[in-house]
Amino acid sequence: MKKLVVMSGKGGVGKSTVAVNLAFALKKKGYKVGLLDCDVHGPSVPKLLGLEDIRGLEAKEGKIKPLDIHGVKVFSMGFMLPSRDTPVVWRGPIKHKFIEEALNNVDWGEIDYLVIDLPPGTGDEVISIVQLAKPDGCVVVTTPQSVALEDVRKAINFAIHAGVPVVGVIENMSGLICPHCGKTIEVFGSGGGKKLSAEMAVPFAGKIPLDTSIFKSGEDGKPFVDMDSPSAKIFEEIVDNILENLEMIQEELKKLQEKAEKAKKEAEKKLEELRKKVGKKSEDEKQN
Ligand SMILES: Nc1ncnc2c1ncn2[C@@H]1O[C@H](COP(=O)(O)OP(=O)(O)O)[C@@H](O)[C@H]1O
Ligand SMILES: [Mg+2]
Ligand SMILES: [Zn+2]
C-alpha cells in the first residue's frame with residue numbers, strides 16, 4: 001500500500017477537494033483506494049462526499065470499518081465528532097492518540113493507495129500524522145495568490161526535512177473558466193506554482209482552474225473527477241503526473257538503497273580482511 005498525504009501552507013486552497021478527487025481518480029484508474037481525512041479541526045471530506053450526517057462507524061474485533069463510497073473506502077475524523085457543529089477542543093496528547101487510532105485501527109483491507117487529507121500548515125498534528133503514517137509521497141496544494149507566501153515554501157521544506165518526497169505541487173484556482181463562454185480569465189495570475197516548484201527542485205503536477213462546477217460538485221457531495229468536464233480531464237492528467245513522479249522517486253530510492261547496501265557489504269569485507277591481516281601480523285610477531 002502506498003500512502004499519499006495532501007498538504008497545504010494554509011486552509012481554503014482546495015486541499016480536501018484535491019484529496020477527495022485524487023482518491024476517486026485513482027479508483028477510476030482501477031486501483032483499490034482508501035481515503036483518510038485526518039483534519040481534526042475542520043474535517044471537510046464528509047461535506048465533499050455528502051456524508052455530514054454519519055456519526056460513529058461499525059467496529060469489528062477492535063477494527064473500525066470505513067464506509068464504502070462508490071468503491072472508495074472512506075474514514076473521516078468528522079464521523080467520530082459528537083455533532084457537525086462541535087468544535088474540536090482537545091489537548092495534544094489526546095489528538096495524537098486519536099490520530100494513531102485512525103491510522104492503525106481502521107480496517108482498510110487490501111488497498112493499493114491510501115490518500116490522507118491533512119490539516120492545513122505544518123503544525124503539531126501534521127507532524128504527528130507524518131511521523132506515524134510514514135507516507136510515500138506528498139502532494140502540496142497552493143493557489144496563485146498564496147504562492148508568494150512563505151507558508152507554501154514552509155510546507156515543501158517540511159516535507160523535504162521529514163523525508164517525504166514531494167510527488168507534485170498543484171496550483172489550484174488557477175484561472176477562472178467563464179461559465180458563459182468557456183474562456184479562461186487569470187483572476188489571481190498563474191504560473192507561480194511552476195516557478196516555485198522549479199526553484200525548490202520539486203515536481204510540478206499541474207494547474208486546476210477556478211471552476212464553478214468544481215465548487216458545485218463540492219456542495220452536492222460528489223467528486224468532480226467523476227463528471228465529464230474539462231476540469232475532470234485536467235485533474236486526471238495531474239494524477240498521471242503524480243503517479244509518474246511517485247514511481248520515478250521510488251525507483252531512485254531503491255537504487256540508492258541498493259547502492260548503500262552494496263557499499264556496506266564491501267566495507268564489511270574490507271574490514272574483515274584487515275582484521276585477518278592484523279591478526280596474522282600479531283601471530284607472526286609472537287612466533288618471531
Ligand atoms: N478549483 C476550484 N474551483 C472552484 N471551487 C473550488 C476549487 N477548489 C476548491 N474549491 C472550493 O473551495 C472551497 C475550499 O476547498 P477545500 O478543498 O475545502 O479547501 P481546504 O481543504 O484547503 O480548506 C470549497 O468550497 C471547494 O468546493
Ligand atoms: Mg480541508
Ligand atoms: Zn465569458
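Cut-offs used in this document
- Residues numbered from 1 in each chain as written.
- Chains lettered and ligands numbered in written order.
- Predicted model: local features only at pLDDT ≥ 70, side-chain atom pairs only at ≥ 80, totals over all residues.
- Heavy atoms only, no water.
- Axes fitted to C-alpha atoms, helices over the stretch in contact; angles between N-to-C directions.
- Helix = DSSP H or I, 4+ residues; strand = E, 2+ residues; numbered from the N terminus.
- Parallel < 35°, antiparallel > 145°, perpendicular 65-115°, else oblique.
- Left-handed = near helix turned anticlockwise from the far one by under 90°.
- Contact = heavy atoms within 4.5 Å.
- Nonpolar A, V, L, I, M, F, W, Y, C, P; charged D, E, K, R; others polar.
- Near = heavy atom within 4 Å.
- Polar contact = N/O pair within 3.5 Å; in protein donor to acceptor, adjacent residues only side chain to side chain.
- Areas by Shrake-Rupley, 256 points an atom, 1.4 Å probe, with all protein chains shown as cover.
- Donors = N, O, S within 2.8 Å, 3.2 Å for Na, K, Ca; no water.
- Buried < 20%, exposed > 50% of the residue type's maximum accessible area, 1.4 Å probe, protein only.
- Pairing = 2+ DSSP bridges.
- Right-handed = clockwise from strand over helix to strand, strands pointing away.
- Salt bridge = Lys/Arg side-chain N within 4 Å of Asp/Glu carboxyl O.

## With respect to the packing of helix H5 (residues 150-161) against helix H6 (residues 192-200)
Piece 1. For the pair H5 and H6, interaxial distance at closest approach is 12 Å and the crossing angle is 40°. In this view, H5 runs oblique relative to H6, as classed from their interaxial angle. As for the relative orientation of H5 and H6, their crossing is right-handed in sense. Residues Val152, Arg153, Ile156 and Asn157 of H5 pack against Leu196, Glu199 and Met200 of H6.
Piece 2. Its residues assigned to classes, the contact of H5 with H6 shows 4 nonpolar, 1 polar and 2 charged.

## Considering the site of ligand 1
Piece 1. Around ligand 1 sit 16 residues, and of these Gly12, Lys15, Ser16, Thr17 and Pro209 come closest.
Piece 2. Interatomic distance of 2.8 Å between a backbone N/O atom of Lys15 and an oxygen atom of ligand 1.
Piece 3. Interatomic distance of 3.0 Å between a backbone N/O atom of Asp211 and a nitrogen atom of ligand 1.
Piece 4. Relative to its unbound accessible area of 560 Å², ligand 1 is 83% covered by the protein chains.
Piece 5. Looking at the shell around ligand 1, the elements that each hand over two or more residues are helix H1 (15-28) and helix H7 (212-220).

## Let's talk about the coordination of the zinc ion (ligand 3)
The expected angle between donors at a tetrahedral four-coordinate metal is 109.5 degrees. At an octahedral six-coordinate metal it is 90 or 180 degrees.
Piece 1. The protein atoms that coordinate the zinc ion (ligand 3) are Cys178 (SG) and Cys181 (SG), at distances spanning 2.2 Å.
Piece 2. A relative accessible area of 13% means that Cys178 is categorised as buried.

## Digging into the side chain of Ser231
Piece 1. You can see Ser231 is positioned in helix H8 (residues 230-287).
Piece 2. When its relative accessible area of 1% is taken as the criterion, Ser231 is described as buried.
Piece 3. Engagement of the side chain of Ser231 in a polar contact is seen with the side chain of Asp211, the distance being 2.5 Å.
Piece 4. If near-sequence neighbours (up to four positions away) are discounted, Ser231 is found in contact with Ile177, Pro209, Asp211, Ile214 and Phe224.

## Here we look at the pairing of strand S8 (residues 137-142)
Piece 1. In terms of residue burial, S8 counts as a mostly covered element, since 6 of its 6 residues are buried.
Piece 2. The pairing of S8 with strand S9 (residues 166-171) spans 5 bridges and is classified as parallel. The residue of S9 that forms the bridge with Val141 is Ile170.
Piece 3. Regarding topology, H5 serves as the crossover connection from S8 to the parallel S9, and that connection is right-handed.

## What to know about the sheet that holds strand S1 (residues 2-8)
Piece 1. Taking strand neighbours across the sheet as the criterion, the 8 strands line up as S5-S6-S2-S7-S1-S8-S9-S12 in an open arrangement whose pairing is mixed. Single-partner strands in this sheet number two, and they are strand S5 (67-69) and strand S12 (204-207). The sheet shows a mean angle of 25° between the axes of neighbouring strands, direction not considered.
Piece 2. Direction of pairing for strand S2 (residues 33-37) relative to strand S6 (residues 72-76): parallel, over a ladder of 5 bridges. Paired with Leu35 across the strands is Val74, a residue of S6.
Piece 3. On the sheet, H1 packs against S1, S2, S5, S6, strand S7 (113-117), S8 and S9 and is oriented at approximately 170° with respect to S7.

## Some words on the pattern of salt bridges
Side chains that carry opposite charge are capable of pairing whenever their charged atoms lie near each other.
Piece 1. For the structure shown, the criterion picks out 11 salt bridges.
Piece 2. Its salt-bridge partner being Arg275, residue Glu272 comes within 2.8 Å of it at the nearest N-O pair. Of this pair, Glu272 and Arg275 both sit in helix H8, 3 residues apart, which is roughly one turn of that helix.
Piece 3. Classification of Glu272 as partly exposed rests on a relative accessible area of 34%.

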